[in-house]
Amino acid sequence: MRPRTVLVFALGLMLLVTGCGGPGKTPQKVAAPPSASAAPKPTPSPKPKPTHTTPPAKPKLRPLPKQLPAGLHRRSGSPGVALTFDDGPDPRYTPQILAQLRAAHVTATFCVVGRQAKRHPELVAQIVREGHQLCNHSWRHDVDLGRRPLAAIRADLERTNRAIHAAAPNAPITWFRQPGGRWTAEELTVARQLGLRPLHWSVDPQDWDHPPAKKIIKRVESASHHGSVVLMHDAGGDRTQTMAACRHLIPDLKRRYGIVRLR
Ligand SMILES: [Zn+2]
């Protein structure tokens, strides 16, 4: 190869090399896609709530027995009739029924709900002061209480007793009545362990269902006998009709049978 040819070849080679890789010719980086920070941020959509979470396991309820358990008190224990008033105390109606009983010089048994006793301790104190008997009617009127674990039943009854005693220290709480009369044998056992006697009833005019006073009177009078235990309500709803019925029933039952303390 002649020297001139070599030179041309070398120059061509240099051009070739610099033409595709010299400084300033570095290929631009491929433009990055618009960065996330520059782009408008999409509003994060709220995550759909999971639909298959397992709810906390509820303790199984014991089945209700087909028949009421043995050992419930349904009689007054003497020839007279015993009156019982459930679900209070209630500031609208409990003072009314207390006034009626006071006027007739008779006493009754009040089946009080624990949280009502906590709300209206002055009424619990008045019930006791005026010589009436007390009955534990569960903390929150739990119609399924008898079906719950024994420890839950015990805790409920003790809590209710504490609320009653906070209002009326040392007042005897003689009775327990299961809300709705949905008793179980297990519940009777717990009540007895706590020194509470299980109180049922023999006359139920269903005044909780708001029948007119006339109907309440008729139902009570047609079902009452010597030794009956009458169930009525001084709370848990509008008790105007019960109050009106009692204005007739209290003097009438007193005249016919006598109104007595539960024994
Ligand atoms: Zn009740």
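Residues numbered from 1 in each chain as written. Predicted model: local features only at pLDDT ≥ 70, side-chain atom pairs only at ≥ 80, totals over all residues. Heavy atoms only, no water.

Helices and strands together make up the secondary structure of the protein, namely 8 helices and 6 strands. If you list the helices and strands of the protein from N to C, you get α-β-α-β-α-α-β-α-β-α-β-α-β-α. Relative to its 263 residues, the protein shows a buried fraction of 43%. When contacts within the protein are restricted to residue pairs at least 6 apart in sequence, long-range pairs at least 24 apart make up 78% of them. With the model as given, the accessible surface of the protein reaches about 15,600 Å², and the carbon-plus-sulfur share is 60%. (Helix = DSSP H or I, 4+ residues; strand = E, 2+ residues; numbered from the N terminus. Buried < 20%, exposed > 50% of the residue type's maximum accessible area, 1.4 Å probe, protein only. Contact = heavy atoms within 4.5 Å. Areas by Shrake-Rupley, 256 points an atom, 1.4 Å probe, with all protein chains shown as cover.)

The next point concerns the packing of helix H2 (residues 94-104) against helix H8 (residues 240-256). Across the interface, H2 lies against H8 with an axial gap of 10 Å and an inter-helix angle of 20°. Classed by the angle they form, the pair H2 and H8 counts as roughly parallel. As H2 runs across H8, the sense of the crossing is right-handed. Judged by residue contacts, Gln96, Ile97, Gln100, Leu101 and Ala104 of H2 engage Met243, Cys246, Arg247, Ile250 and Lys254 from H8. (Axes fitted to C-alpha atoms, helices over the stretch in contact; angles between N-to-C directions. Parallel < 35°, antiparallel > 145°, perpendicular 65-115°, else oblique. Left-handed = near helix turned anticlockwise from the far one by under 90°.)

Let us now look at the coordination of the zinc ion. In the first shell of the zinc ion, the protein supplies Asp87 (OD), His137 (NE2) and His141 (NE2), at 2.1 Å from the metal. Sequence spacing among the residues donating to the zinc ion works out to D-x49-H-x3-H. With aspartate 87 in the loop between strand S1 (82-86) and H2 and histidine 141 in the loop between strand S3 (133-136) and helix H5 (150-167), this residue pair connects regions lying 54 residues apart in the sequence. Overall, the relative accessible area of 30% leaves histidine 141 in the partly exposed class. (Donors = N, O, S within 2.8 Å, 3.2 Å for Na, K, Ca; no water.)

Time to look at the packing of aromatic side chains. All told, the structure shown has 2 aromatic pairs when counted by the stated rule. Taken together, a centroid distance of 5.6 Å and an interplanar angle of 90° make the contact between phenylalanine 176 and tryptophan 183 edge-to-face. For the pair phenylalanine 176 and tryptophan 183, one class covers both residues: buried. (Phe/Tyr/Trp six-rings, centres within 6.5 Å; stacked < 30°, edge-to-face > 60°.)

A word on the sheet that holds S1. The strand order across the open sheet built from 6 strands is S5-S4-S3-S2-S1-S6, with neighbouring strands paired in parallel fashion. On the outer flanks of this sheet lie strand S5 (197-198) and strand S6 (229-233), each paired with one strand and no other. Of the pairings in the sheet, the one linking strand S2 (residues 109-112) to S3 comprises 4 bridges and is parallel in character. Paired with valine 112 across the bridge in S3 is asparagine 136. Across the sheet, H2 is in contact with S1 and S2; its angle to S2 comes to roughly 165°. (Pairing = 2+ DSSP bridges.)

Note: S3 against strand S4 (residues 173-176), 3 bridges, orientation parallel. Along S4, the bridge assignment pairs leucine 134 with isoleucine 173. Crossover S3 to S4 through H5 is right-handed. As judged from the 2 bridges shared by S4 and S5, these two strands associate in the parallel manner. Note on S5: the bridge partner recorded for phenylalanine 176 is proline 198. Note that the unit made of S4, helix H6 (residues 185-193) and S5 has a crossover that is right-handed. (Right-handed = clockwise from strand over helix to strand, strands pointing away.)

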